[in-house]
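Coordinate analysis (summary)
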Amino acid sequence: MDVEDIAARLGVPFEDVDRVHRLASDLPSAPLPGKADVPAILARLAVPPDDAAEIMAGWPDPDSPLWTPELRWLLDRSIALVRADLGGTGWLPPGPELPRERGPAWRHLYVYAYLALIDVVRGYHRDHGIADAVSWATLADLGRNLAIDRRMHGEGWPVMQSWLTLHARGGVYELGRLQHQRGGTAIGLHIPESGPLTPEAVDASLDEARAFFPRHFPDEPYTAFSCGSWLLDPQLLEYLPADGNIVRFQQRFELEPYEEPEGLDADVEVRRFVFRALTTPLGQLPRHTVLQRAVIDHLKAGRHWYWRRGHFPI
């Protein structure tokens with residue numbers, strides 16, 4: 001099959017498949033773990049039972065009728081594409097967005113790629129002296145994201161599949177309450193869905209990072225923590241209590257001048273993170289928390305949220 005034929009069979013734009021072909025055509029892939037070992041691996045990755053059952057049902061066995069030649073090609077080349085950037089710290093789409101309603105092989109293709117890269121990235125972690133507990137805590141973001149995607153009825157995964165390539169390349173680490181992304185001169189902070197964002201939990205995570213990066217990446221001189229998020233939008237101060245966790249998190253940062261983020265709609269991102277729903281009408285969204293009410297009332301008033309960036313010294 002040529003690239004045009006693969007794209008047509010997958011039902012995705014030619015340009016998306018051509019990108020994978022150009023970036024990964026001659027690069028080594030990596031094997032999937034043995035099928036008998038997969039249930040234990042999925043459990044360590046905090047994959048919920050419903051998703052684990054689907055992943056096993058769609059497993060790419062050599063004789064599986066679910067796995068057409070074009071799907072096998074994309075899986076192999078996606079693994080090679082991500083593996084080639086081991087140690088990379090930037091955003092990396094692993095391949096085209098697939099029509100996931102066509103079954104578990106289509107729905108979980110990039111999960112299979114992630115599973116093939118587990119041993120690769122854990123080897124990278126070992127080479128940098130990173131404890132196994134940190135490796136598994138970081139990689140278990142797969143299960144968290146699959147659970148979120150299920151709650152969102154599939155609306156979340158196109159973003160998440162690119163996000164998870166950071167974990168599979170050793171670009172991000174979960175240290176306590178926060179995830180910490182390597183790159184440049186600032187450690188990028190991300191806030192997973194894992195409990196209250198208390199000042200004490202944030203302090204403990206920052207302290208862990210201050211020790212972690214000089215120890216494991218001594219050639220990367222970080223001078224600041226940074227964050228890009230709607231959580232740093234000063235408009236939240238109009239709605240949230242001054243002693244609340246979000247406001248206190250905001251207060252750590254010096255905001256950078258506003259720049260329109262390319263390809264990102266902050267109103268959509270707020271809905272994604274606060275409600276885990278992108279298409280539900282505003283009037284049908286829950287109003288259980290101060291934050292939920294703030295988001296809804298702000299948007300109903302015809303106003304918009306903004307994605308802001310900020311930093312503070314290490």
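These figures come from a predicted structure and were not determined experimentally. (Residues numbered from 1 in each chain as written. Predicted model: local features only at pLDDT ≥ 70, side-chain atom pairs only at ≥ 80, totals over all residues. Heavy atoms only, no water.)

1. Remarks on the overall build of the protein
In terms of helices and strands, the protein carries 15 helices and 6 strands. Here the C-alpha atoms of the protein give a radius of gyration of 20 Å, agreeing with the 20 Å that 2.2 N^0.38 yields for 314 residues. Along the first, second and third principal axes, the C-alpha set of the protein runs to 60 × 50 × 35 Å. By residue count, 52% of the 314 residues in the protein fall in the buried class. Long-range pairs, those at least 24 residues apart, make up 69% of the contacts in the protein between residues at least 6 apart in sequence. Here the protein has roughly 14400 Å² of accessible surface; of this, 54% comes from carbon and sulfur atoms. For the protein, the distance from the average site of its 32 positive side-chain charges to the average site of its 44 negative ones is 4 Å. (Helix = DSSP H or I, 4+ residues; strand = E, 2+ residues; numbered from the N terminus. Rg over C-alpha atoms; globule rule 2.2 N^0.38 Å. Buried < 20%, exposed > 50% of the residue type's maximum accessible area, 1.4 Å probe, protein only. Contact = heavy atoms within 4.5 Å. Areas by Shrake-Rupley, 256 points an atom, 1.4 Å probe, with all protein chains shown as cover. Lys, Arg positive; Asp, Glu negative; His and termini not counted. Charge placed at Lys NZ, Arg CZ, Asp CG, Glu CD.)

2. A look at the environment of Ala211
Here Ala211 shows up in helix H12 (residues 199-216). For the pair Ala211 and Leu175, spaced 36 residues apart in the sequence, the C-alpha separation amounts to 11 Å.

3. Examining the side chain of His108
For His108, the position within the fold is in the loop between helix H6 (104-107) and helix H7 (109-116). For His108, the residues in contact, after removing those within four places along its chain, are Asp51, Glu54, Ile55 and Leu146.

4. Describing the sheet that holds strand E1 (residues 172-175)
In spatial order, the strands read E1-E2-E3-E4-E6-E5; together these 6 strands make up an open sheet with mixed pairing. Lying at the two open borders of the sheet, with one neighbouring strand each, are E1 and strand E5 (254-255). Pairing of strand E3 (residues 186-190) with strand E4 (residues 224-229), which is carried by 3 bridges, proceeds in the parallel orientation. Residue pairing across strands places Ile187 opposite Phe225, the latter belonging to E4. (Pairing = 2+ DSSP bridges.)

5. Observations concerning the environment of Leu45
Looking at where Leu45 falls in the secondary structure, it is placed in the loop between helix H3 (38-44) and helix H4 (49-57). Of the residues examined, Leu45 reaches a relative accessible area of 0% and is grouped as buried. As for Leu45 and Leu115, which are separated by 70 residues in sequence, their C-alpha atoms are 9.7 Å apart. Look past the residues within four positions of Leu45 in its chain and what remains in contact with it is Tyr114, Leu115, Ile118, Trp136, Leu139, Ala140, Leu142 and Gly143.

6. So, the packing of helix H2 (residues 14-24) against helix H5 (residues 69-83)
For the pair H2 and H5, interaxial distance at closest approach is 9 Å and the crossing angle is 55°. When the interaxial angle is binned, H2 and H5 end up oblique. Like other packed secondary-structure pairs, H2 and H5 cross with a definite hand, here left-handed. Within the contact between the two elements, H2 uses Val17, Arg19, Val20, His21, Leu23 and Ala24 and H5 uses Trp73, Leu74, Arg77, Ser78, Ala80 and Leu81. Partitioned by chemical class, the residues of the contact of H2 with H5 number 8 nonpolar, 2 polar and 2 charged. (Axes fitted to C-alpha atoms, helices over the stretch in contact; angles between N-to-C directions. Parallel < 35°, antiparallel > 145°, perpendicular 65-115°, else oblique. Left-handed = near helix turned anticlockwise from the far one by under 90°. Nonpolar A, V, L, I, M, F, W, Y, C, P; charged D, E, K, R; others polar.)

7. Remarks on the pattern of salt bridges
Applying the stated criterion to the full structure yields 20 salt bridges. Between Asp18 and Arg22 there is a salt bridge whose closest N-O contact spans 3.1 Å. With a gap of 4 residues between them, Asp18 and Arg22 both fall in helix H2, about one helical turn apart. A relative accessible area of 54% places Arg22 in the exposed class. The partner of Arg287 in a salt bridge is Asp297, with the nearest N and O atoms 3.0 Å apart. Highlighted residues: Arg287 in the loop between helix H14 (266-275) and helix H15 (290-300) and Asp297 in helix H15, separated in sequence by 10 residues. Through salt bridges with shared partners, a single ionic network connects Asp51, Glu54, Arg107 and Arg150. (Salt bridge = Lys/Arg side-chain N within 4 Å of Asp/Glu carboxyl O.)

8. Considerations on the nonpolar core
Counting residues in hydrophobic clusters, the biggest one holds 51 residues, and the most contacted among them are Leu10, Leu45, Ile55 and Leu98. If you look at the next biggest cluster of nonpolar residues, it comprises 22 residues, including Leu175, Leu189, Ala209 and Leu232. (Core = buried A, V, L, I, M, F, W, Y, C linked by side-chain atoms within 4.5 Å.)

Note that all results are geometric; they support no functional claim without further evidence.
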